[in-house]
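Chain by chain, the residues run as shown.
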Amino acid sequence: MAYKIVSVVGARPNFMKVAAICEAIKEHNRQSNGDAIEHILVHTGQHYDANMSDFFFNDLELPKPNLFLGVGSGSHSAQTAKVMEGFENVLLSENPNVVIVVGDVNSTVGCALVTKKTRCVNGKDRTEFIPRLAHVEAGLRSFDRTMPEEVNRIVTDSISDFLFTTEESANINLEHEGVPKSKVHFVGNVMIDTLLRHHSKAKESTILNDLQLFEGAEVRPYAILTLHRPANVDDSQKFAGMLESFLEVSQQMPIIFPAHPRTLKQIQEADLGDYFVDHFLEGPEPWDFRVRIRLVPPLGYLDFLQLMSHARVVLTDSGGIQEETTILGVPCITLRENTERPVTLEHGTNVLVGSDPERIVKEFSRVLRDTTKPPAPPHFWDGNAAKRIVDILLQEHSPTHKMETTPWVDAAITESLRLPS
Ligand code: UD1
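The rules we used
- Residues numbered from 1 in each chain as written.
- Predicted model: local features only at pLDDT ≥ 70, side-chain atom pairs only at ≥ 80, totals over all residues.
- Heavy atoms only, no water.
- Core = buried A, V, L, I, M, F, W, Y, C linked by side-chain atoms within 4.5 Å.
- Buried < 20%, exposed > 50% of the residue type's maximum accessible area, 1.4 Å probe, protein only.
- Helix = DSSP H or I, 4+ residues; strand = E, 2+ residues; numbered from the N terminus.
- Contact = heavy atoms within 4.5 Å.
- Phe/Tyr/Trp six-rings, centres within 6.5 Å; stacked < 30°, edge-to-face > 60°.
- Lys NZ or Arg CZ within 6 Å of the ring centre and 35° of its normal.
- pLDDT = per-residue confidence, 0-100.
- Pairing = 2+ DSSP bridges.
- Axes fitted to C-alpha atoms, helices over the stretch in contact; angles between N-to-C directions.

Draft legend 1. Here's a closer look at the nonpolar core. Grouped together as the largest cluster of nonpolar side chains are 61 residues, with contacts concentrated most on Leu62, Phe164, Leu307 and Leu393. The element contributing the most residues to this core is helix α1 (residues 12-30), with 9 residues. Apart from residues no more than four positions distant in its own chain, phenylalanine 164 is found in contact with Ala134, His135, Val136, Glu137, Ala138, His185, Val187, Ile389, Ile392 and Leu393.

Draft legend 2. Structural view of the packing of aromatic side chains. Under the counting rule described, the total for this entry stands at 6 aromatic pairs. Judged by centre distance (5.2 Å) and plane angle (70 degrees), the ring pair of phenylalanine 186 and phenylalanine 380 falls under edge-to-face. Of this pair, phenylalanine 186 sits in strand β9 (residues 184-186) while phenylalanine 380 sits in the loop between α16 (357-369) and α17 (385-397); the two residues are 194 residues apart in sequence, bridging distant segments of the chain. An identical accessibility class is assigned to phenylalanine 186 and phenylalanine 380; each is buried. Residues phenylalanine 257 and phenylalanine 276 carry aromatic rings whose centres are separated by 5.8 Å and whose planes lie at 35 degrees to one another, so their mutual orientation is tilted. Here phenylalanine 257, found in strand β13 (residues 255-258), pairs with phenylalanine 276, found in strand β14 (residues 276-278); they are 19 residues apart in sequence, far enough to count as distant. Note on accessibility: phenylalanine 257 and phenylalanine 276 belong to one class, buried. An aromatic cluster is defined as three or more aromatic residues linked by ring pairs; in this entry it consists of Phe15, Phe56 and Phe57. One Lys or Arg, arginine 388, reaches over the ring of phenylalanine 380 and ends 4.2 Å from the middle of that ring.

Draft legend 3. Here's a closer look at the confidence of the model for the protein. On average, residues of the protein carry a pLDDT of 92, and 92% of them reach 70 or more. For the protein, helix α18 (residues 407-417) is the element with the lowest average pLDDT, namely 39, and strand β4 (residues 98-102) is the one with the highest, namely 99. Contacts from residues 405-421, a stretch scored under 50 in pLDDT, to residues over four places away or in other chains number 29 contacts.

Draft legend 4. Looking closely at the sheet that holds β9. Read from one edge of the open sheet, 7 strands run β3-β2-β1-β4-β7-β8-β9, paired in parallel fashion. Looking at which strands have only one partner, the edges of the open sheet turn out to be β3 (67-68) and β9. With 2 bridges connecting them, strand β2 (residues 37-43) and β3 associate as parallel partners. Across the sheet, the residue bridging to histidine 43 is phenylalanine 68, located in β3. The strands that helix α3 (residues 76-94) touches are β1 (3-9), β2, β3 and β4; relative to β1, the one it contacts most, it runs at about 165 degrees. Contacting β1, β2, β4, β7 (132-136), β8 (162-165) and β9, α17 runs over the sheet at an angle of about 160 degrees to β8.

Draft legend 5. Region of the structure containing unusual backbone geometry. At glutamate 137, a position not held by glycine, the phi torsion is positive, near 85 degrees. Here glutamate 137 falls in the buried class, since its relative accessible area comes to 5%.

Draft legend 6. Here's a closer look at the sheet that holds strand β15 (residues 293-296). On the basis of which strands lie adjacent, the open sheet formed by 7 strands has the order β14-β15-β13-β12-β16-β17-β18 and parallel pairing. The open sheet is flanked by β14 and β18 (350-352), the only strands paired with a single partner. Averaged over all neighbouring strand pairs, the angle between strand axes comes to 25 degrees, with direction disregarded. Relative to β13, strand β12 (residues 223-226) is paired through 2 bridges, and the arrangement is parallel. Bridging across to β13, isoleucine 224 finds its partner in isoleucine 256.

Have a look at this one:
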């Protein structure tokens, strides 16, 4: 019987992570000696707009999902409940050996809970079993339990069988929570696998031209802004205060703002449109680059990667962008009071400023003056994380599976044993 893996995607930040896992499984199957993996990709449909979902499948060459649950939007409870109902049917019909969930969105926690509560049936001898649960990007903690993502992370980690971590802080957090070391595998960052894989392809994107960011042959200095956390956008007064600071900053260089649907809705409802130029409504007339923030729709993966690679600075409240800018060596100003990814702060490209307008303006000027070169990438952010994951899963399933004896495997194991006692 083939080893069967079900992987789950639901929301935008999942796609780039699972793309790396799909690629590693494909590569394993290409070289397999009779131990090919059967891989089922499930899309819960938490994100469903073309620019929040479909475009990513094209850009990342993700296979079409085998199953689509179509859960859509709703309150956290309603959305998670729909994910759970849909995913239970998937497990009962697919009977996988292992379920892989990534990140911290509602689809992650919903499918994790279902995995550990469903009795599947072995087709050969009809024995019952509970699938193994693998969490990719385990152990990250913001220590802020008002963030829905933090609750999702804690719950998912607490029931996972394989906890694949991206940075040393995650190993330490899991140890403090009493997770046995044997379950924790420090493998690196699958999102960085995908970034490294697509970096040269992203250069073909026309986004810099589309957004009039060339000045002759040179790219003019510009900043990117992304903002969607409820803590920043749901309170319109707080949001407006932040927009004042971005407006001030935009006197120094244009700000490109690919806006998330949640944020767009809030801009309309709170009547905050005057802060912005809508690029595609008011463009492509040459525009005054010194004033106002240029609003564009959410961008596809390759366009955004190209835009980020050339940015002078990124302002964001996203988790993943803090990591991507770390690898790209682009300064990142994080509009949050905490981060679950402290390695990005230690590395020096990322800084936390929260939502205070004065701090934002001050930090923006400081970052522009800073000329320090970022150090080498964090450990294991090297493009091989997904390969390590697949190898570890296969070895657990079949101890005779030969782990590749390339240095990275030995290093990964050594590293995961180097936890403080
Ligand atoms: C979710 C994740 C968050 C992640 C973010 C990235 C959770 C708890 N949160 O937040 O961690 O950083 O995705 O995008 O899972 N909407 C659309 N079209 C879509 C998707 C959403 O219009 O394709 C709108 C809907 O009005 C919805 C709102 O955006 O109510 C919020 O979407 P939802 O997926 O619930 O949470 P996000 O805020 O996107």
